Amino acid sequence: MAKLLLELLSEEIPARMQARAAQDLQRLLADRLTAMGLAHAGTRGFAGPRRLVAVVDGLPRVRPDVEEEKRGPRVGAPENAIQGFLKGAGLQSLDQAEKRSTEKGEFWFAVTRRKGGPTEAVLPQILIDTIRAMSWPKSMKWGSGTFAWVRPLHSILAVFDGKPLPGQLDLGGNMPPLKFGNRTRGHRFLSSGQITIDEVAGYIRQLRAARVIVDPVERAAVIRAKVETLCIQAGVKVQHDEALIDEVAGLVEWPVPLVGTIDAVFMDLPPEVMVTSMRTHQRYFATLREDGSMADKFVVVANMITTDGGTEIIAGNERVLRARLADARFFWDQDRKIRLEDRLPALKQIVFHARLGTQYERVERIAAVAREIVAQEKSGFFRDVDVNHVEQAARLCKADLVSGMVGEFPELQGTMGRYYARHEGLPGEVADAIGDHYSPRGVGDACPTAPVSVAVALADRLDTLTGFWSIKETPTGSRDPFGLRRAALGAIRLVLENGLRLDLIRAFSAAETAHAAATDRDDLLAFFEDRLKVQVREQGVRHDLIDAVFALSGEDDLVRLLARVKALQEFIGTDDGRDLLVAYNRAANIVRAEEKKEKGLAAKIAGALGEKLLQQAEERALATALASADARAATALDSEDFAGAMAALAELRKPIDVFFDRVTVNTDQTELRLNRLKLLARIRTTIDRVADFSRIEG
Amino acid sequence: MPSPTDSPKPTCFQELVLALQHYWAGEGCVVLQPYDMEMGAGTFHTATTLRALGPAPWRACYVQPSRRPKDGRYGDNPNRLQHYYQFQVILKPSPDDILDRYFGSLRAIGIDPDLHDLRLVEDDWESPTLGAWGLGWEVWCDGMEVTQFTYFQQVGGIEVELVSGEITYGLERLAMYLFDKKSVYELPFNRADSAVPVTYGEVFLRNEREQSAYNFERADTEMLFRHFADAEKECAALLGNSNGKLALPAYDQCIKASHAFNMLDARGVISVTERQAYIGRVRALAKACCEAWLEGRT
């Protein structure tokens, strides 16, 4: 058994593309090896800023003979199909093909028997095919060549069983081909000259000596450990950030964490501003003091060891951060001179969407809708809210978009608005609503609970959704450019997690009024229902039960809908529930079958029961039970006692069973038959009061 | 020629420019002078935009004053200017060792790669107004962006035949780093031992104040709209004449239109939706000029 080592040395590969590239390279290589009949023990892949590496373990030194067959067209197929097949298989004529019978008829087969041989003879072509099959999110040409790679490719190291493989990659144009070899280079600045590689273990070791850690997992581990140690030494805590560790591991070949100090004059800036400056712009790790507040230390991970122990590097990074924070301080000072209110006219310059007006128009709408939400909500959630605060927060919620700081750091939208509102001395709940109204941003994000924040956040989403629904820009398939699915999920969480009692259709119509446009409200409501199913799936709520409840009346109060669904789910889980469902389906099936046979039957059995036609005791018992269940269920539903409604239905189980046992529905007596069908139809309508049982699966 | 590393380390803004010119002249570049029109970046210079197209090899370097009306801060911000200088290098086709040559230029201006942390951080470049894009990096020196490095793939909507490597140094920022100044205005423009030592602020602070006021408050927007329309019309006329297309004069008009647009944008009179349309109009001019440039090649 032997090992194969492939290293592609290039100019710096973007960090975000590295992990995927290492996986792709392994997969493409493994597929091609397998296709050539080369079984192997496994592949390993590594990626870093300058190199992409694949190792294949346990390859045979000699390749066994392989027989490959390719099915062609049917015998007697048109000439062009035959010719295409011959060409594709590399055959001269049909004499070289074989006729074989299959289950589907007689087909031509091309059978190529390839003699095995030394593995190294086929590897170069496999490697070239693999390299050519790689695809990058963005690739480029360089020099005068036509070959495209993520950045210019400088060398290809290919070693099999301790020996360099011959081979070359054609770069096109006037470029000389890239010849395979057994040489590579180490760190760009910490090593010089070429390194000759004999085998895989040596490769990792030799590169380490040349200041390159090949494995990204190891680089990340080094960063994690050293950052931690440095922070302990500096008496601070690191803000844990695995995503940043992974990104930095993709930016350095030899990680050297260093601690820098933040100039004291910037320590009064909002922590979010400092963290954004450091993390997003500079890839520094922020640190905290014991009490959780920002510490004046940061960690930068350099890719370099210098003779001065990093003094210059630290000084340089401190200088850069100083300039960044000075910029931030400039915005922070300037921004606070202008009241949010005075920024509103500038929102007229910002188009939200060409057909939905400017941000200025949008906040006016959000204010109107937020006020309506407060007025419409029935549980008393907004009982203690000052509606003027709601309106104020809504009108100011986008004002920070035209501040200098958000212009520079868009990710701080909301956060800055909150700071500026506090600075102006606006009520705390207004400032918080401005800060929180973008939440929940995603699944893991906390949902606002403060009433003013909830009103604004929900109004924002309803405005967005009705707006895009009114111009028919709704999500299709995987396309959702305006994030409407997320907006609906956010609205659902705001409603459910705060127990808001709203009739959505009415709320939509408030948003429509603000837009002065009509929407297909039912379609939007159905969209909410779909999102709701996704939302509650994790809580184990069955989607068919949501359908069952939603179907009867287009229930648009999400809290009530869910309470009903949950009661139903519990009920369906009991013996009573299961049996009732069986009975329901039996009754419904009989009625449906009869309706199919006889035109106009549906109308005939819609009316009231003929009391006198209830001949058998079981019929009368069922009729009485239905009337009583119907009344009890109705009362229970009115008071939203869904368990009570289910209990009322449970009472039907026995009378229905007995009825089916003792009573023949399809008798020869027409009147009697009709009345019994009416009775069955009533079973359906009574049960359907609570939920459309026909939508419940099994 | 003496090796550039032998030259003493620059001590002021103008020595930085001289060192870069000297170094890149040694790498076979034509040392050009700035294009004599207002433009947003050195890329707009014909030595880059037009020369990047076609099969002819080309190497040039030059300083280009760059105007970004929106970036004006009335001289109040120590890091931001509406008028600043770029040092632009273009090597076509990009040589295999272009990065080594680039690192050599850092040595030439006094940044020793062995003492600093030099990093190539992904930064793809796109100019919607020029219909151009390329892939490359920002070069970071100890966390600071000192250079923009791009391999051109497309210019004027046309796929390049030979890939140019474009190296753009932001001179003020680089100088602030080299000479350890917190404000651009404190940069020494010439040597401290000059007969008349001058700072960057003495040369440009008043210009920043007045030009910012012009860009944001005073520029006559009616006039600028007219200039845009005139330049667009002239450009089309120069390319649509039956006596032959004049690619270079037409391209000048494209540059004018682009600057008029940048001014209008700074004045805040172009809405977000209109913005796209204006960018599209400039791109159409750039594309037509690039096509005419290629057609007229002899």
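Residues numbered from 1 in each chain as written. Chains lettered and ligands numbered in written order. Predicted model: local features only at pLDDT ≥ 70, side-chain atom pairs only at ≥ 80, totals over all residues.

**Q** Explain the sheet that holds strand 6 (residues 98-102) of chain A here, please?
**A** Each strand in a sheet pairs with another by means of backbone hydrogen bonds, the pair being arranged parallel or else antiparallel. Residue and element names in this part refer to chain A. Taken in spatial order, the 3 strands of this open sheet run 5-7-6, and their pairing is antiparallel. Both outer strands of the open sheet, strand 5 (66-74) and strand 6, are each paired with one neighbouring strand and no more. Neighbouring strand axes in the sheet, compared pairwise and without regard to direction, differ in orientation by 40° on average. Both strand 5 and strand 7 (residues 105-114) contribute to a ladder of 7 bridges, which runs antiparallel. When the sheet's bridge partners are listed, Lys70 is paired in strand 7 with Ala110. Each of strand 5 and strand 7 is contacted by helix 2 (residues 79-89), which is oriented at about 165° to strand 5, the strand it contacts most. (Pairing = 2+ DSSP bridges. Helix = DSSP H or I, 4+ residues; strand = E, 2+ residues; numbered from the N terminus. Axes fitted to C-alpha atoms, helices over the stretch in contact; angles between N-to-C directions. Contact = placed C-beta atoms within 7 Å.)

**Q** What's the story with the interface of chain A and chain B in this structure? I'm lost.
**A** How big an interface is tends to be stated in terms of the accessible area lost upon association of its parts. In this assembly, 33 residues from chain A lie in contact with 31 residues from chain B. Contributions of two or more residues to the side of chain A that touches chain B are made by strand 18 (294-302) and helix 8 (311-335) of chain A. The element that contributes the greatest number of residues to the side of chain A that touches chain B is helix 8 of chain A, accounting for 9 residues. Classifying every residue of the side of chain A that touches chain B by side-chain character gives 17 nonpolar, 8 polar and 8 charged. (Nonpolar A, V, L, I, M, F, W, Y, C, P; charged D, E, K, R; others polar.)

**Q** In this structure, what is going on with the pairing of strand 7 (residues 144-155) of chain B? I would like to understand it.
**A** Consecutive residues of a regular strand have side chains that alternate between opposite faces of the sheet. All names here are of chain B. Where burial is concerned, most of strand 7 is hidden: 10 out of the 12 residues are buried. Pairing between strand 6 (residues 132-141) and strand 7: 9 bridges, direction antiparallel. Residue pairing across strands places Val139 opposite Thr147, the latter belonging to strand 7. Inspection of the sheet shows strand 7 paired to strand 9 (residues 165-170) by 5 bridges, in the antiparallel sense. Note that in strand 9 the partner of Gln148 across the bridge is Thr168. Judged from the 2 bridges that link them, strand 7 and strand 8 (residues 158-159) form a sheet pairing that is antiparallel. For Val155, the partnering residue across the bridge sits in strand 8 and is Ile158. Connecting strand 7 to the next strand, strand 8, in antiparallel fashion are 2 residues, including Gly156 with a positive phi near 60°. (Buried ≥ 20, exposed ≤ 12 C-beta atoms within 10 Å, placed from the backbone.)

**Q** Quick question: what am I supposed to make of helix 16 (residues 484-497) of chain A here?
**A** The periodicity of an α-helix, 3.6 residues per turn, causes residues three or four places apart in sequence to face the same way. Residue and element names in this part refer to chain A. Helix length check: helix 16 (14 residues) gives 20 Å between terminal C-alpha atoms against 20 Å at 1.5 Å per residue, within 8%. On the buried face of helix 16, the contacting elements are helix 15 (451-470), helix 18 (521-537) and helix 20 (558-572). Once helix 16 finishes, Gly499 follows within two positions and takes phi at roughly 60°, a positive value. (Expected span 1.5 Å × (residues − 1).)

That is the geometry; function is a separate question.
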